[in-house]
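Single-letter residue listing:
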Amino acid sequence: MVTDSMASMQAMAALEDGFALGLLEAWCQLRTVADRVLLVVFDEAMPAQLLPDNSWETCAFALALGRNERNRPLIGRPYRHSVPDSAPFDRDFLESNPAMLALPLFRSLRETEAGHRQIALSSGYRPWTVDLEMP
């Protein structure tokens, strides 16, 4: 606003689905109108009146995303599907802060081995998942 930019901007609040939905929005922007997207995620503890016994740690990170270039990881569209509740996922991430649900994706992006990976972005009956192709 300060720079009179007409670039699109989206803000959302979705508790444990916030990162997955932000990534989905960024993916949609890249597939339709944008060459680059900056996805900024910020979560902090909510007021006690809204969420009693909340003790989240503040967490923030940003991802600079672009249309696929040669020899770059390719992140697929986040999607939901049904899996058993026993699916492997470290619930400590969510208890610390919902934004921490991005850590499995960050860990996978650090890997150098080529191949396809399916990464959980949440847990439960209908978790958010994303496919990652490493060249």
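What you see is a predicted model, and the numbers here were worked out from it, not measured in a lab.

Let us look at the pairing of strand S1 (residues 36-43). Of the two faces of S1, only the one carrying Val37, Leu39, Val41 and Asp43 is buried; Arg36, Leu38, Val40 and Phe42 on the other face are not. With 8 bridges joining them, S1 and strand S2 (residues 59-66) adopt antiparallel strand pairing. Along S2, the bridge assignment pairs Leu38 with Ala64.

Excluding glycine, a negative phi dihedral is what most residues carry, and trans is how most peptide bonds are arranged. Residues other than glycine seldom take positive phi values, yet Asp4 does so here, at roughly 60 degrees. For Asp4, a relative accessible area of 64% gives the class exposed.

With respect to the helices, strands and loops of the structure, Ala114 is situated in the loop between helix H3 (103-110) and strand S5 (115-120). Considering only alpha carbons, one finds Ala114 and Pro135, 21 residues apart in sequence, at a separation of 5.0 Å. Ignoring sequence-local partners within four residues, the contact set of Ala114 consists of Met134 and Pro135.

In this section: the nonpolar core. Formed by 24 residues in total, the largest nonpolar core has its most connected members in Phe19, Leu23, Leu65, Leu105 and Leu121. If you list the elements that add at least two residues to this core, you get helix H1 (18-32), S1, S2 and strand S6 (128-134). Looking at this core, the element that brings in the most residues is H1, giving 6 residues. Once you skip the residues sitting within four places of it in the chain, Leu23 turns out to touch Leu39, Leu65, Ile75, Pro78, Leu105, Leu121 and Val130.

In this model, the protein carries an average pLDDT of 78, and 83% of its residues clear a pLDDT of 70 or more. Mean pLDDT across the secondary structure elements of the protein bottoms out at helix H2 (residues 91-96), with 56, and peaks at H1, with 89. Taken as a whole, residues 83-89 scores under 50 in pLDDT and shows 11 contacts with residues more than four places along the chain or in a different chain.

So, about the environment of Arg117. Inspection of the secondary structure puts Arg117 in strand S5. Each C-alpha atom of the pair Arg117 and Ile75 lies 9.7 Å from the other, and the pair is 42 residues apart in sequence. Here Arg117 is in contact with Ser108, Glu111, Val130, Asp131, Leu132 and Met134, once residues within four sequence places are set aside.

The final tally for this structure, using the stated rule, is 2 aromatic pairs. A ring pair is formed by Phe19 and Phe61, whose centres lie 5.6 Å apart and whose planes are at 65 degrees; its orientation type is edge-to-face. Separated by 42 residues along the polypeptide, Phe19 in helix H1 and Phe61 in strand S2 bring together distant segments of the chain. Phe61 shares its class with Phe19; the two are buried. Considering the side-chain rings of Phe61 and Phe106, the 5.0 Å spacing of their centres and the 90 degrees angle between planes classify their relative orientation as edge-to-face.

About the criteria used
Residues numbered from 1 in each chain as written. Predicted model: local features only at pLDDT ≥ 70, side-chain atom pairs only at ≥ 80, totals over all residues. Heavy atoms only, no water. Buried < 20%, exposed > 50% of the residue type's maximum accessible area, 1.4 Å probe, protein only. Helix = DSSP H or I, 4+ residues; strand = E, 2+ residues; numbered from the N terminus. Pairing = 2+ DSSP bridges. Contact = heavy atoms within 4.5 Å. Core = buried A, V, L, I, M, F, W, Y, C linked by side-chain atoms within 4.5 Å. pLDDT = per-residue confidence, 0-100. Phe/Tyr/Trp six-rings, centres within 6.5 Å; stacked < 30°, edge-to-face > 60°.

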